[in-house]
Amino acid sequence: MALLPAMLFALVPNARGQALKDTLQEFQLKQKKQPYISEDIRLQAFSSGQKVVTIDSTVLQQYQLQQLSNLLAQQTNVFIKSYGLNGLATLNIRGSSAAQSQVLWNGVPINNAALGMADVSLLPVSLMDKVHLVYGSSSALWGSGNVGGALLLESETPSFERKGGYSLAAGMGSFGQYQVAGKLGLSSRKWSATTNVFTQTARNNFSYENDFGETVTTANAQLKGLALQQQLAYKIDEKNQVRLAAWYQLYNREIPAALFESYSVKKREDASLRLLLDWNRKAGSSQTYVKAAFLKDRMHYQDAATFQDFGNNVYQYFIEAGWSRKWQQRHQLLLFAPVQLSWMRQDNKANAQNKIAVAAAYHYNDLTERFDGSITLRAEQIDANTVLTPGIGASYAFTRSFSLRANVQRTYRAPTLNELYYQPGGNPDLKPEQGWNEELGYKARGKLLDKVAIVHEVSIYNRTIDDWILWLGGAIWTPHNIASVHSRGLEVENLFSYPYRRWQFHLGINGSYTRATTVSSYLPNDGSIGKQIPYTPRFAAQMNAGFTVASFYLNVNETVTGIRYVNTDETDGIDPYHLTNIQLSYNLKWSEKHLFFSAQVNNLFNKRYEVVKSRPMPGINWLLCLQWQGAF
């Protein structure tokens, strides 16, 4: 009966929410034990007590011709702040700002160093072999700036076997969408090579009603994108291997008019180059690694109507060396030292930010698989400032069906290059954001009537950040420290599974409640005290219901997102919205070949809604995908 109140919470219609962990991982509730969910040792062994979600490969395949922004918005409890088709899309994890979450690719931070954030609408799912979400702060492991959580992207683990494989997928959909994705892999006992290609075009010509009461078709909304990823690995001997990975992409996006605009001729070009070289040595119970990366992000914005034409180039060097050792099967120690050098060029001026850190992590388990704990500590120097970010977490399994976890982490985020130096508007007097994050959660498993399997999970979190940075202004926006923000919330996740002959039925019902309010302010007569931080939905809910039979899969996805206030005093907000999405697929297999068909319908009932104020979102739309896979 103890489970009933939390389960009822998730069923309440006003609990407007977001998708949840078990929905992503196993609709059929098969308890697959995966001892190595990640190649990153920090995630694998030193994230005790934290909520970690690994998105299942079947979900990645369903969304392979889409961007991560679409997948995360529909299938996780992360709020995606989307400015509409062709617009920026950023992460809001548990009421954090876009700059308070880290995105890492093979352990390398890829947030734009000037903005401090990553545009997840520019991250194609087809390039990702593994996707993990780490909820809550973990600055000691993933670096300062990781206040709300971390999105970890991983390339395919090199396979040193004599084999080869290929995949080709093509898709088409509403509003002139066309996508093509290809993958080729070859390996031997010494070499492994993988090539990924993704390209897409779209007209994005959907209809909507603007603020003048006119029904118009979106103009100036074309999209063209190309992404290439190459990985080459060499096995030196049984203990040592090296890998070179390169990721280049170019997106040209026309930016359509907002609801208050009669037309738009805005354009934006985004180009990124990411190069990574790493060496890994495993010898007995110890592991040593070194990785070095170079990243360049270029943005060019044009608006012929206002004679605006500007751009900036952002560069990063990232180097990290680490060593770990395990002894007596119960103890493990990790020592690592990351160095991140970043600078941006704007109007022939260069501004830089340097981060140098040393970190240690210790992990312990009691061999009975009941207790699992870790302690982490990072000392980081950011330009002239030095900060310590400790953390501690643990989990304990009381029985096979019930476990409890908890963690406490210190948080810290230095102002970004844009916040400090952007002209006009930068504020060089900004203070860093800092505070503490606490989390407590439990998971219970069981069965009803010996047939219906249940997974029930609850997470409670609390975070206080001092000197929170928020952009304010009119014609010229400037970032300010608004003093203290208190974020706290509850997430409830329920997954039911029922097998009947060849059929497997699933039902996931989840709810979340987030309060992120200003506690104190440096601004005189500030009306934000006690009010919700802009663009943080207080309530959210999600349901996934469907079945699998033979090679056929059907899922109905319902998402409800609560009101988002667009200013600090809650005097202006955007209406809640409820969307219905349908995913279905069929996988035909013979020999070593696969023919995969999928279809998706979004916004089935053609609801009019906005995620960001005055940025219209499309009505009902569809996407078809056909994929051919084989081996040789």
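What you are looking at is a predicted structure, and each value in this text was computed from that prediction instead of being measured.

Novice: Describe the overall build of the chain, with residues and values.
Specialist: Counting its regular elements, the chain contains seven helices and 35 strands. Principal-axis analysis of the C-alpha atoms gives the chain an extent of 65 × 55 × 55 Å. The proportion of buried residues among the 632 residues of the chain is 55%. Across the chain, the fraction of contacts at a sequence separation of at least 24, relative to all contacts at a separation of at least 6, is 64%. As displayed, the chain offers around 27300 Å² of accessible surface, 59% of which is attributable to carbon and sulfur atoms.

Novice: Could you give me a rundown of the pairing of strand E19 (residues 349–365), with the residues and numbers involved?
Specialist: The sheet contact formed by strand E18 (residues 331–346) and E19 spans 14 bridges and is antiparallel. By the bridge assignment, Gln 332 is partnered in E19 with His 363. As defined by bridge partners, E19 adjoins strand E20 (residues 371–382) across eleven bridges and the pair is classed as antiparallel. If you follow Ala 360 over to E20, its bridge partner there is Leu 377.

Novice: An account of the pattern of salt bridges is requested, with residue identities and associated values reported.
Specialist: The final tally for this structure, using the stated rule, is 23 salt bridges. Of the charged contacts, one joins Glu 238 and Lys 235 as a salt bridge, the two residues approaching to 3.4 Å between their closest N and O atoms. Between Arg 268 and Asp 270 there is a salt bridge; the shortest N-O distance is 3.0 Å.

Novice: Tell me what's going on with the confidence of the model for the chain, and back it up with residues and numbers.
Specialist: Looking at the chain as a whole, the pLDDT averages 90, with 94% of positions reaching at least 70. In this model, residues 1–35 is a region of pLDDT below 50 whose contacts with residues beyond four sequence positions or in other chains number 110 contacts.

Novice: Tell me about the pairing of strand E25 (residues 469–473), and please be specific about residues and values.
Specialist: Note that E25 and strand E26 (residues 477–481) share five bridges and pair antiparallel. Among the inter-strand pairings, Ile 469 is bridged to a residue of E26, identified as Asn 481. Connecting E25 to the antiparallel partner E26 that follows it, the hairpin turn spans three residues.

Novice: Explain the sheet that holds strand E1 (residues 52–54) to me, using residue names and the numbers behind them.
Specialist: Read across the open sheet, the five strands follow the order E1-E6-E7-E4-E5; overall the sheet is mixed. Single-partner strands in this sheet number two, and they are E1 and strand E5 (108–109). Sheet topology places strand E4 (residues 101–105) next to E5; two bridges connect them, and they run antiparallel. Bridge pairing in E5 links Leu 104 to Pro 109.

Novice: Which residues make up the packing of aromatic side chains, and what values do they have?
Specialist: Tallied over the full model, the rule gives 20 aromatic pairs. The interplanar angle of 35° and the centroid separation of 5.6 Å between the aromatic rings of Tyr 317 and Trp 343 together place this pair among those described as tilted. In this pair, Tyr 317 sits in strand E17 (residues 308–327) while Trp 343 sits in strand E18, placing the two residues 26 residues apart along the sequence. According to the relative accessible area criterion, Tyr 317 is partly exposed, its value standing at 40%. Taken together, the ring pairs in this structure connect Phe 294, Tyr 315, Tyr 317 and Trp 343 into an aromatic cluster. Its guanidinium or amino end placed over the ring of Trp 247, Arg 274 lies 4.4 Å from that ring's centre, counting from NZ or CZ.

Novice: Please give an account of the side chain of Ser 69 that cites residues and values.
Specialist: Note that Ser 69 resides in helix H5 (residues 68–75). Judged by its relative accessible area of 9%, Ser 69 is buried. Once you skip the residues sitting within four places of it in the chain, Ser 69 turns out to touch Ile 80, Ala 89, Val 120 and Ser 121.

Novice: Summarise unusual backbone geometry; cite the residues concerned and give the values.
Specialist: Pro 424 follows Gln 423 through a cis peptide bond whose omega is 0°. Along the chain, Pro 424 falls in the loop between helix H7 (417–421) and strand E23 (433–448). The phi dihedral of Asn 86 is positive, around 75°, even though this residue is not glycine. As for its placement among the helices and strands, Asn 86 is situated in the loop between strand E2 (79–82) and strand E3 (89–92). On the accessibility criterion, Asn 86 (10% relative accessible area) is buried. A positive phi is found at Tyr 535, a non-glycine position, where the angle reads about 60°. Here Tyr 535 lies in the loop between strand E28 (503–520) and strand E29 (539–549).

Novice: Break down the side chain of Asp 56 for me, with residues and values.
Specialist: In this structure, Asp 56 sits in the loop between E1 and helix H4 (57–62). For Asp 56, a relative accessible area of 15% translates into the label buried. There is a polar contact of 2.5 Å between the side chain of Asp 56 and the side chain of Thr 58.

Novice: A description of the nonpolar core should follow, citing residues and the corresponding values.
Specialist: The nonpolar side chains of a soluble globular protein tend to be buried with one another. By size, the foremost hydrophobic cluster in this structure holds 44 residues, and its most contacted members are Leu 91, Leu 123, Leu 151 and Leu 153. When neighbours within four sequence positions are excluded, Leu 153 is seen to be in contact with Leu 68, Val 103, Leu 104, Trp 105, Asn 106, Ile 110, Leu 123, Met 128, Lys 130 and Val 131. In this structure, Ala 150, Tyr 289, Leu 334 and Ala 361 belong to the second largest nonpolar core, which totals 16 residues.

Novice: Could you give me a rundown of a nonpolar patch on the surface, with the residues and numbers involved?
Specialist: On the surface, Met 172, Tyr 178, Tyr 586, Leu 588, Trp 590, Phe 597, Trp 622, Leu 624 and Leu 626 cluster together to form a nonpolar patch covering roughly 830 Å² of accessible area. Counting residues per element, the ones that place at least two in the nonpolar patch are strand E33 (577–590) and strand E35 (621–631). In this structure, Trp 590 sits in strand E33. In this structure Trp 590 comes out as partly exposed when scored by relative accessible area, which is 38%.

Novice: Lay out the environment of Leu 65 in plain terms, naming residues and giving numbers.
Specialist: Of note, Leu 65 is situated in the loop between H4 and H5. For the pair Leu 65 and Phe 198, spaced 133 residues apart in sequence, the C-alpha separation works out to 8.2 Å. Residues within four places of Leu 65 in sequence aside, it is in contact with Ala 169, Ala 170, Gly 171, Gln 179, Ala 181, Phe 198 and Cys 625.

Novice: Give a detailed account of H5, specifying residues and quantitative values.
Specialist: Counting buried residues along H5, six of its eight residues qualify, which places the element largely inside the surrounding structure. Buried within H5 are the following residues: Leu 68, Ser 69, Leu 71, Leu 72, Gln 74 and Gln 75.

Novice: Residue-level account of the environment of Trp 477, with values.
Specialist: Checked against the element boundaries, Trp 477 lands in strand E26. A residue is classified by how much of its surface remains accessible, and Trp 477, at 44% relative accessible area, is partly exposed. Residues Trp 477 and Gly 426 lie 51 residues apart in sequence; the distance between their C-alpha atoms is 8.5 Å. Discounting chain neighbours no more than four positions away, the residues touching Trp 477 are Pro 424, Gly 425, Trp 471 and Leu 472.

Novice: How would you summarise the environment of Gln 583 if you had to cite specific residues and measurements?
Specialist: Here Gln 583 shows up in strand E33. For Gln 583, a relative accessible area of 1% gives the class buried. Separated by 124 residues in the primary sequence, Gln 583 and Ser 459 have C-alpha atoms spaced 28 Å apart. Sequence-distant contacts of Gln 583, defined by excluding residues within four places in its chain, comprise Gln 62, Tyr 63, Gln 74, Gln 75, Tyr 553, Leu 554, Asn 555, Asn 557, Ala 599 and Gln 600. A distance of 3.3 Å separates the side chain of Gln 583 from the side chain of Tyr 63, its partner in a polar contact.

Scoring rules and cut-offs
- Residues numbered from 1 in each chain as written.
- Predicted model: local features only at pLDDT ≥ 70, side-chain atom pairs only at ≥ 80, totals over all residues.
- Heavy atoms only, no water.
- Helix = DSSP H or I, 4+ residues; strand = E, 2+ residues; numbered from the N terminus.
- Buried < 20%, exposed > 50% of the residue type's maximum accessible area, 1.4 Å probe, protein only.
- Contact = heavy atoms within 4.5 Å.
- Areas by Shrake-Rupley, 256 points an atom, 1.4 Å probe, with all protein chains shown as cover.
- Pairing = 2+ DSSP bridges.
- Salt bridge = Lys/Arg side-chain N within 4 Å of Asp/Glu carboxyl O.
- pLDDT = per-residue confidence, 0-100.
- Phe/Tyr/Trp six-rings, centres within 6.5 Å; stacked < 30°, edge-to-face > 60°.
- Lys NZ or Arg CZ within 6 Å of the ring centre and 35° of its normal.
- Polar contact = N/O pair within 3.5 Å; in protein donor to acceptor, adjacent residues only side chain to side chain.
- Core = buried A, V, L, I, M, F, W, Y, C linked by side-chain atoms within 4.5 Å.
- Patch = residues over 30% accessible without salt bridge, like charges linked within 9 Å, V, L, I, M, F, W, Y side chains within 5 Å.

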